[in-house]
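Understanding the architecture of this molecule
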Amino acid sequence: PYPVYARMRAEAPLYHNPGLGFWALSRHADVSAALIDSELLSSDHGPMLDPGAWGPHVRGYLSFVAMDPPQHTRMRATVSRGFTARRVAALEPMIRQIVRGHIERALEHGTFDFARDIAARLPLDVIAELVGVPPSDRADIRRDSGALFDAGPAGAMSEEGVKGLLSLGGYYRTIIAERRAAPRDDLVSVLVADDELTDDDIVAFLFLLIGAGAETTAHLLSAAWYWAWRNPGQRAAAFGGAIDRWTEETLRYDAPAHGTARRLTRETEWYGVRVPADARMWLLIGSANRDESVFPDAGVYDLTRDTRRAISFGAGRHFCLGAPLARLEARVALEELTRAVTPDYDIDESGIRRTAHGNVRGMVSLPTSVK
Ligand code: HEM
């Protein structure tokens, strides 16, 4: 399991790749300390390894995952009002209804693509609902946001993809204008109530929700489905009702957000090696979650283990804003799946396809057959 990460943790806990120009930390202690010390490690060049992807030229536009305090603190305070526990909990019936619809449609045939037909759809539909997109427009959102998922490792997009995003941006602007004219009790209304946020800021945030919240949650669902299948003993526990354990162990074992990047703000030493100021740092969440010194037998998928120190949602200031929502979606989806499908489902391993995205790890195709 993850032999390269295991070697890095053992032999090169500070790994330097001069060719690609980055330094990586892979041990749990180092990755979590680095995430928390946002003064030493700045987010100002965004979370992607290639700083060009989200460099300073787009800073301020591309959203607050790429900001430092004080701008980050301000913006985070506003958007957090749109993600309160009350607002998230209130989404449960809607999430259940959406997921039931997807499961029902998928089960019309004996085989379906779990990743495409269920996992990729639910989070995007939930975000559409959060943003106030009517159900009749959901298919358009799926189409127009495709480029955010199909982007290559360096974030490159096709011309078609860019067109889709422009169209989505225009659509969002219409919703923002509507909420400015007539506020409701919803997320976009909370954002427009903040005088300091421009339409551009809000559009950037709504894009971030799709980028940060849809693909990651989709990968979590597919990974849960896949690893339960690969581990029949654990599958029995999962189908026996250990839904939250199933979610948490999957988050640890196969972290959907595998890594995030930072800029080192001043020269710092790790393991006797000096890393210069402005170095690009790659923080390997996926490796930290498999660190044997924190998780004994880390390579074993085990629903009974203590997962509390997993850092799948990051840590510190940029801790995932959507963690409660992702957990709620996973719980509802897995509850509904265990009701609708018997545990003897099968997966065609030869048909599995994975994303090439640099920060995110997961399956985009997961052929499943049910009895
Ligand atoms: C930030 C993971 C779902 C919205 C983050 C970060 C991680 C993460 C690791 C920190 C990035 C960094 O420090 O550079 C995940 C995983 C998810 C998930 C594994 C699903 C299993 C969601 C959902 C939403 C969301 C459902 C919202 C709909 C955000 C936002 C940020 C963020 C807005 C930026 C927070 C900030 O910069 O202050 N997420 N996420 N995420 N996530 Fe999530």
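Thresholds applied
Residues numbered from 1 in each chain as written. Predicted model: local features only at pLDDT ≥ 70, side-chain atom pairs only at ≥ 80, totals over all residues. Near = placed C-beta within 6 Å. Helix = DSSP H or I, 4+ residues; strand = E, 2+ residues; numbered from the N terminus. Nonpolar A, V, L, I, M, F, W, Y, C, P; charged D, E, K, R; others polar. Pairing = 2+ DSSP bridges. Buried ≥ 20, exposed ≤ 12 C-beta atoms within 10 Å, placed from the backbone. Arc of directions from axis to C-beta. Contact = placed C-beta atoms within 7 Å. pLDDT = per-residue confidence, 0-100. Core = buried A, V, L, I, M, F, W, Y, C linked by C-beta atoms within 7 Å.

1. Quick word on the site of the ligand
Taken together, 26 residues form the shell around the ligand, and within it Gly213, Thr216, Gly314, Cys320 and Gly322 come nearest. Broken down by secondary-structure element, the contributors of at least two residues to the shell around the ligand are helix 12 (199-230) and helix 16 (323-340). For the shell around the ligand, the residue count by class is 16 nonpolar, nine polar and one charged.

2. Considerations on the pairing of strand 2 (residues 22-25)
With four bridges connecting them, strand 1 (residues 14-17) and strand 2 associate as antiparallel partners. Looking at strand 2, one finds that His16 is bridged to Trp23. The antiparallel pairing of strand 1 with strand 2 creates a hairpin that spans four residues between the two strands, and Gly21 there sits at a positive phi of about 75°. Pairing of strand 2 with strand 8 (residues 280-283) involves three bridges; the strand directions are parallel. Along strand 8, the bridge assignment pairs Ala24 with Trp282.

3. Considerations on helix 13 (residues 232-239)
Residues of helix 13 that are buried: Gln234, Arg235 and Ala238. Considered in projection along helix 13, the buried side chains sweep an arc of 105° and stay on one side of the axis. Away from its buried face by more than 90 degrees, helix 13 exposes Pro232 and Gly233. Packing partners of the buried residues in helix 13 comprise helix 12 and helix 14 (243-253). Backbone geometry just downstream of helix 13 places Gly241 in the positive-phi region, at approximately 120°.

4. A word on the confidence of the model for the protein chain
Low pLDDT means the predicted atomic positions in that stretch should not be read closely. Mean pLDDT over the protein chain: 91, with 94% of residues reaching 70 or higher. Low pLDDT (under 50) marks residues 55-61, which in the prediction has six contacts with non-local residues, meaning those over four places away or in another chain. Complex prediction metrics read pTM 0.95 and ipTM 0.99.

5. Some points on unusual backbone geometry
Each neighbour pair has its own omega, and for Pro69 with Pro70 the value is 5°, a cis peptide bond. Along the chain, Pro70 turns up in the loop between strand 3 (41-42) and helix 3 (71-81). Phi at Tyr271 is positive, roughly 50°, even though this residue is not glycine.

6. Thoughts on the nonpolar core
Formed by 89 residues in total, the largest nonpolar core has its most connected members in Val31, Ile127, Leu221, Ala224, Leu283 and Leu284. Looking at this core element by element, the count peaks at 18 residues for helix 12. The contacts of Leu221, once residues within four sequence positions are left out, are Ile118, Ala119, Ala330 and Ala333.

7. Some details on the environment of Ala315
Inspection of the secondary structure puts Ala315 in the loop between helix 15 (285-288) and helix 16. Expressed as a C-alpha distance, the spacing of Ala315 and Asp37, which sit 278 residues apart in the sequence, is 9.5 Å. Sequence-distant contacts of Ala315, that is, excluding residues within four places in its chain, are made with Ser32, Leu35 and Ile36.

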